[in-house]
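Chain by chain, the residues run as shown.
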Amino acid sequence: MLTVLFRLHRLGPPTKIQSKAIPCVLRTQDIVAQAPSIQERIQSYIVPAIQMICSAAAQATAEGGSSAPKGVQILVVTATVDQAAQAQRLSVGLGGSLGIRTSLCVGQGDLQQDLATFLKAPPHVLVGTPQRLLDLFAMRTLPVTDIRLLVIDECDQLIARNLSDYVANLVRLLPPSGVGAPGSPTASRSPMLGGGLGLPGSFGETGSAFSMQSSSTFNAAASGRQTVLLSCTCPQDVLQVAFFHRSNDADDARVQELCVVPPAARASSRSRASRRRR
């Protein structure tokens, strides 16, 4: 299906980061990925998200339809309205003909009206900015139990624009991440990521996504919510967010780092994170 999506919509062959990120997302792994190109990042999560939704629907149909997700399944958080709109347009373009609904949640409009629309016809994919999404989910009316994938894009910009607190508070309203149930020792306590992003010790080390083979299947029954974090750049503050909130008990088989970071910056970030944990 991925090949069909790329060809039908003339997305071109998958880029280096897409060829590594997409299989990991479909394997329900948490990832941290760096890609300067906006479209490259957006395609890295929207394309597998479409397949995840279709696979979940097919699995539910095979089981008689009783387990079909009824609410938002993919939640995308971006720092800017422009990028949210671009992600929404791509999701509509790829998934509209497949019956996949995508909604945009940004701006200062009537939140009650947005909520009523989402409740009447819940979107499969919801894309928005941190404050607007927080206001929406803080009403605790829109179901969150079906959210299987949280995408946090433009992480560097979220930090630079002082929006990370909104993301942290939003994540607290969502289902737990990672392989553990709520309160499980496998869930980390990342205020930015909401847990579950147990990062390997370094980027591109043995066993990372660079050595993994591709997979086109999605385990819709996987427990917990997975997190995909993307950034245009990986300055020290982004790396510190990742390394400082690393869970020593996390299941590293679920987690891959796809960032390409100079060794000096990588070592410096681990050193700072280690000192802060002490």
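As the structure is a computational prediction, the values presented were derived from the model and not from experiment. Residue positions are given per chain, counted from 1 along the sequence in the order it is written. Given that this is a predicted model, residues contribute local features only at a pLDDT of at least 70 and side-chain atom pairs are listed and counted only at 80 or more, while totals for whole chains, interfaces and linings are drawn from all residues. Values shown for side chains rest on all heavy atoms present in the structure; no hydrogens or waters enter the calculation.

Another point: the side chain of Ser91. Helix and strand labels come from DSSP, where a helix needs a run of H or I of at least four residues and a strand needs a run of E of at least two; each type is numbered from the N terminus. On the secondary structure map, Ser91 appears in helix α4 (residues 81-95). The residues contacting Ser91, other than those within four sequence positions of it, are Ile46, Ile50, Gly96, Thr102 and Val125. We call two residues contacting when some pair of their heavy atoms lies within 4.5 Å.

Burial along strand β2 (residues 74-77) is two-sided: Ile74 and Val76 and Leu75 and Val77, pointing in opposite directions, are all buried. Any two strands with at least two DSSP-identified bridges between them are counted as paired. In the sheet, β2 pairs with strand β4 (residues 125-128) via four bridges, with the strands oriented parallel. Bridging from a neighbouring strand, Ile74 pairs with Val125 of β4. Think of it in three bands: residues with accessible area under 20% of the maximum for their type are buried, residues over 50% are exposed, and the middle band is partly exposed, with areas taken using a 1.4 Å probe on protein chains only.

Salt bridge, as used here: a side-chain nitrogen of Lys or Arg that lies within 4 Å of a carboxyl oxygen of Asp or Glu. Following the criterion strictly, the structure yields two salt bridges and no others. With a closest N to O distance of 2.8 Å, Arg41 and Asp153 form a salt bridge. Taken together, the residues span a long stretch of sequence, with Arg41 in helix α3 (residues 38-62) and Asp153 in the loop between β5 (149-152) and α7 (155-160) at a distance of 112 residues. Residues Arg41 and Asp153 agree in their burial class; the two are buried. Arg132 is paired through a salt bridge with Asp114; the nearest N and O atoms lie 2.8 Å apart. Of this pair, Arg132 sits in helix α6 (residues 130-138) while Asp114 is found in helix α5 (residues 111-120), placing the two residues 18 residues apart along the sequence. Taking relative accessible area as the criterion, Asp114 reaches 22% and is therefore assigned partly exposed.

Quick look at the confidence of the model for the protein chain now. Known as pLDDT, the predictor's confidence for each residue is given on a scale from 0 to 100. Per-chain confidence: the protein chain averages 74 in pLDDT, with 64% of residues scoring 70 or above. Low confidence marks residues 259-270, where pLDDT is under 50. Its contacts with residues over four positions away, or in another chain, come to 22 contacts.

The next thing to look at is the packing of α3 against α4. Here an axis means a line fitted to C-alpha atoms, over the contact stretch when the element is a helix, while the angle between two N-to-C directions is reported on a 0 to 180 degree scale. Relative orientation of the contacting elements α3 and α4 amounts to 40°, with a least axis distance of 10 Å. Taken as axis vectors, α3 and α4 run oblique relative to one another. For α3 against α4, the interelement crossing comes out right-handed. For the pair α3 and α4, the contacting residues are Ile38, Gln39, Arg41, Ile42, Gln43, Tyr45, Ile46, Val47 and Ile50 in the first and Gln83, Gln86, Ala87, Leu90, Ser91, Leu94 and Gly95 in the second. Considering only residue class, the contact of α3 with α4 consists of nine nonpolar, six polar and one charged. Roughly parallel here means an angle under 35 degrees, roughly antiparallel means over 145, roughly perpendicular means 65 to 115, and every remaining angle is called oblique. Helix crossings are classified by the rotation of the near helix relative to the far one: an anticlockwise turn of less than a right angle makes the crossing left-handed, while a clockwise turn makes it right-handed. In this count, Pro and Cys sit with the nonpolar residues alongside Ala, Val, Leu, Ile, Met, Phe, Trp and Tyr, while Asp, Glu, Lys and Arg are called charged and the others, Gly among them, polar.

Here we take up helix α2 (residues 16-26). Given 3.6 residues to a turn, an α-helix orients residues that are three or four positions apart in the same direction. Among the 11 residues of α2, nine are classified as buried, and the element is accordingly described as predominantly covered. What α2 keeps buried is the set Ile17, Gln18, Lys20, Ala21, Ile22, Pro23, Cys24, Val25 and Leu26. Among the residues trailing α2, Thr28 stands out with phi positive, at a value near 60°.

The next thing to look at is the pairing of strand β3 (residues 102-105). Of the strand pairs in this sheet, β3 and β4 are connected by four bridges, and their pairing is parallel. Each residue of the ladder has a partner; that of Cys105, found in β4, is Gly128.

Considered for burial, the residues of α5 that qualify are Leu111, Leu115 and Phe118. Seen along its axis, α5 keeps its buried residues to an arc of 65°; they face one direction. Residues of α5 that are exposed and point more than 90 degrees away from the buried face comprise Gln112, Gln113 and Lys120. As for α5, its buried residues are in contact with β3, β4 and α6. Each polar contact in these results corresponds to two N or O atoms within 3.5 Å; when the atoms are within protein, one needs to be able to donate a hydrogen and the other to accept it, and residues that are neighboring in sequence are counted only if both atoms are side-chain atoms. By the N-cap criterion, in which a side-chain oxygen at the helix start approaches the backbone nitrogen of a residue two or three places on, α5 is capped by Asp110, the distance to Gln112 being 3.0 Å. When we speak of the arc, we mean the arc of directions from the helix axis to the C-beta atoms.

Following the sequence through the fold, Gly224 ends up in the loop between α8 (164-171) and β6 (226-231). Gly224 sits 48 residues away from Pro176 along the chain, and the two C-alpha atoms are 5.7 Å apart.

Our next topic: the packing of α6 against α8. At a closest axis distance of 9 Å, the pairing of α6 and α8 adopts a crossing angle of 30°. Taken together, α6 and α8 sit at an angle that is classed as roughly parallel. Taken as a pair, α6 and α8 cross one another with a handedness that is left-handed. Facing Pro130, Gln131, Leu133, Leu134 and Phe137 of α6, the residues of α8 in contact are Tyr166, Val167, Asn169 and Leu170. Grouping the constituent residues of the contact of α6 with α8 by class yields seven nonpolar, two polar and no charged.

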